[in-house]
Amino acid sequence: MISDLVLGLSVSLVAMLIHLAGTLLLVVLMNPFHGVMRRRVHLRLTVALVATYLVMLAAHVLEVGLWGYLFDFLGLAERTEDAYYSAFVNYTTLGYGGSQRVVETRLLGPLASANGILMFGWSTAILVLVVQRHLPPGLATRD
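Residues numbered from 1 in each chain as written. Predicted model: local features only at pLDDT ≥ 70, side-chain atom pairs only at ≥ 80, totals over all residues. Heavy atoms only, no water.

**Describing the nonpolar core**
When a protein is soluble and globular, its nonpolar side chains tend to lie buried together.
Item 1. W67, L70, F71, A87, Y91 and L108 are the most contacted members of the largest nonpolar core, which totals 15 residues.
Item 2. Only helix 1 (2-33), helix 2 (41-73), helix 3 (80-91) and helix 4 (108-134) provide two or more residues apiece to this core.
Item 3. Not counting residues up to four positions away in its chain, the partners in contact with A87 are V64, W67, G68 and F71.
Item 4. M30, V55, I126 and V130 belong to the second-largest nonpolar core, a separate cluster that totals seven residues. (Core = buried A, V, L, I, M, F, W, Y, C linked by side-chain atoms within 4.5 Å. Buried < 20%, exposed > 50% of the residue type's maximum accessible area, 1.4 Å probe, protein only. Helix = DSSP H or I, 4+ residues; strand = E, 2+ residues; numbered from the N terminus. Contact = heavy atoms within 4.5 Å.)

Spelled out as structure tokens, the structure:
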């Protein structure tokens, strides 16, 4: 049980670092972009949101892949595809689809779910920040 907890928390930390790398990439991409297209604010907002979405989605896919690799490495699913499916199911908190052996490691699924919840919250916060930063001023103050 303790080894599962340590292993799950370690994978959660690596997943958080992947998300941090995605966030830092967005900072590098978006800071100079803020002053671009001042007259085309709707296009600027659209490009900023699409870029944010793609970077955050890529981070989530990598994080799920990390969990899937762990599930596969530990033999928690009969096939590699099932391990990745289980990782997606847990990470997105959908619940078990019957493809993971939960008796052997009861903590990894909930830890993957907790990690997913936190990372989705982080992504949501970044999307809100991008909207606030790039929203055309006229739209923000209309009644």
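**Examining the packing of aromatic side chains**
In this description, a pair of aromatic rings is defined by centroid distance and the angle of the planes.
Item 1. Inspection of every chain in the model, using the stated rule, returns three aromatic pairs.
Item 2. Residues Y69 and F73 carry aromatic rings whose centres are separated by 6.1 Å and whose planes lie at 25° to one another, so their mutual orientation is stacked. Taken as a pair, Y69 and F73 lie in helix 2 at a separation of four residues, close to a single helical turn. Of the two residues, Y69 and F73, neither departs from the other in class, the shared state being exposed. (Phe/Tyr/Trp six-rings, centres within 6.5 Å; stacked < 30°, edge-to-face > 60°.)

**Some points on the packing of helix 2 against helix 3**
Item 1. For the pair helix 2 and helix 3, interaxial distance at closest approach is 8 Å and the crossing angle is 125°. Comparing the axis directions of helix 2 and helix 3 gives the class oblique. Regarding helix 2 and helix 3, the two cross each other, and that crossing is right-handed. The segment helix 2 lies against helix 3, with H60, E63, V64, G65, W67, G68, Y69, F71 and D72 engaging T80, A83, Y84, S86, A87, F88, N90 and Y91.
Item 2. Class assignment for the residues of the contact of helix 2 with helix 3 results in nine nonpolar, six polar and two charged. (Axes fitted to C-alpha atoms, helices over the stretch in contact; angles between N-to-C directions. Parallel < 35°, antiparallel > 145°, perpendicular 65-115°, else oblique. Left-handed = near helix turned anticlockwise from the far one by under 90°. Nonpolar A, V, L, I, M, F, W, Y, C, P; charged D, E, K, R; others polar.)

Geometry only, nothing functional implied.
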